[in-house]
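Structural overview
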Amino acid sequence: MRNQLFSNISNYIKLLRMKSWAKNFFVFVPVVFAKLLFDVNTFYIIVMGFVTFSIASSAVYVLNDIVDAPKDAIHPLKKDRPIASGKISQKNALVLGAFLYLLLALITFKMNLSFMIIVWIYVFINVLYTMFLKEIVIVDIFCIASGFMLRVIGGGLLISVYISKWLILTTMFLSLFLAVMKRRVEIANSPDANEQRTVLKDYSLNFIDQIVAMTGSGVILSYALYSVADKTVEKFGTERLIFTTMFVIFGIFRYMYLVYKKDRGENVIEVILTDPPMIINLIFYVTSAVFIIYFYKIWMSF
């Protein structure tokens, strides 16, 4: 009985894609670069933004899995998803999905109006993606990428801070890079990928590789330019943020290595949180960025 209970809970956790909630940490980006990370009130507000996006993303995932269940059932990896495998019935999934959308409506109604609009734009785009936009070449990767962009913009609007245009560009290029890498893995790993996702027939590895090169370069250049922009130097009182660019470059190169040589990358969060070099690089980046932004001037004054 207890094993059955744990199994059911595990299936619902998988359906909610709780591991993917890590993507919602993008809402913290404006807080970190606005030097408000250690402000208690601001931190509480942004945590609520994280929770809101987590509910929104889970609601989207439930709908997506209901619609995609027939195709997921023949996918080598997705066939084990709760609905596709029959571990959770479509009726129960519909009830859960309806509850999540209702809960999201109640929460966003009491939040910043601009943030509420961003959250529902995110939901709207993803519903359209689930229904038909995922079958339109190029549009599909922009839909995937929009989720990361909206999280960053939403985080900025939630706490009413200015977001550097270079930082927005960095996020845009990073989002597109991750989205197109996801498509590359799908094509490379599935011999019958076209049957599972129709849009994949409109892509080729050569075409995707060109987009990867452009978006990967865009991430590095945009971030480097942000780190030495006049407003950035003025705000942080130093140009030392440029040194964190090496961690960004390593992250892009390592991710490409994992996709091209190890056939990993369909699940961004899984790659980042299970690859030791990526984890170490992320720790170094966060530690050095936080030190430079928050403590460098204090350290130099001693």
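Conventions and cut-offs
Residues numbered from 1 in each chain as written. Predicted model: local features only at pLDDT ≥ 70, side-chain atom pairs only at ≥ 80, totals over all residues. Heavy atoms only, no water. Helix = DSSP H or I, 4+ residues; strand = E, 2+ residues; numbered from the N terminus. Expected span 1.5 Å × (residues − 1). Polar contact = N/O pair within 3.5 Å; in protein donor to acceptor, adjacent residues only side chain to side chain. Contact = heavy atoms within 4.5 Å. Salt bridge = Lys/Arg side-chain N within 4 Å of Asp/Glu carboxyl O. Buried < 20%, exposed > 50% of the residue type's maximum accessible area, 1.4 Å probe, protein only.

1. Here's the deal with helix H7 (residues 165-189)
- For H7, spanning 25 residues, the distance from its first C-alpha to its last is 36 Å, which sits close to the expected 36 Å at 1.5 Å a residue.
- In this structure Ser 164 caps H7, since a side-chain oxygen of it lies 3.2 Å from the backbone nitrogen of Trp 166.

2. Considering the side chain of Ser 288
- Following the sequence through the fold, Ser 288 ends up in helix H13 (residues 276-301).
- When residues no more than four places from it in sequence are discounted, the contact partners of Ser 288 are Thr 244 and Phe 247.

3. A few points about the pattern of salt bridges
- The tally for this structure, following the rule as stated, stands at 8 salt bridges.
- Residue Arg 183 is joined to Glu 186 by a salt bridge in which the shortest nitrogen-to-oxygen separation is 2.9 Å. Linking Arg 183 with Glu 186, this pair stays in helix H7, spanning 3 residues, or about one helical turn.
- Arg 183 gets classed as buried once you look at its relative accessible area, which sits at 0%.
- In this structure Glu 186 comes out as buried when scored by relative accessible area, which is 5%.
- We note a salt bridge from Asp 275 to Arg 254, for which the minimum N-O separation is 2.8 Å. With a gap of 21 residues between them, Asp 275 in the loop between helix H12 (268-274) and H13 and Arg 254 in helix H11 (residues 245-262) connect regions that are remote in the sequence. Accessibility classification places Asp 275 together with Arg 254 in one group, the buried group.
- Where salt bridges share partners, they join Asp 140, Lys 182, Arg 183 and Glu 186 into one cluster.

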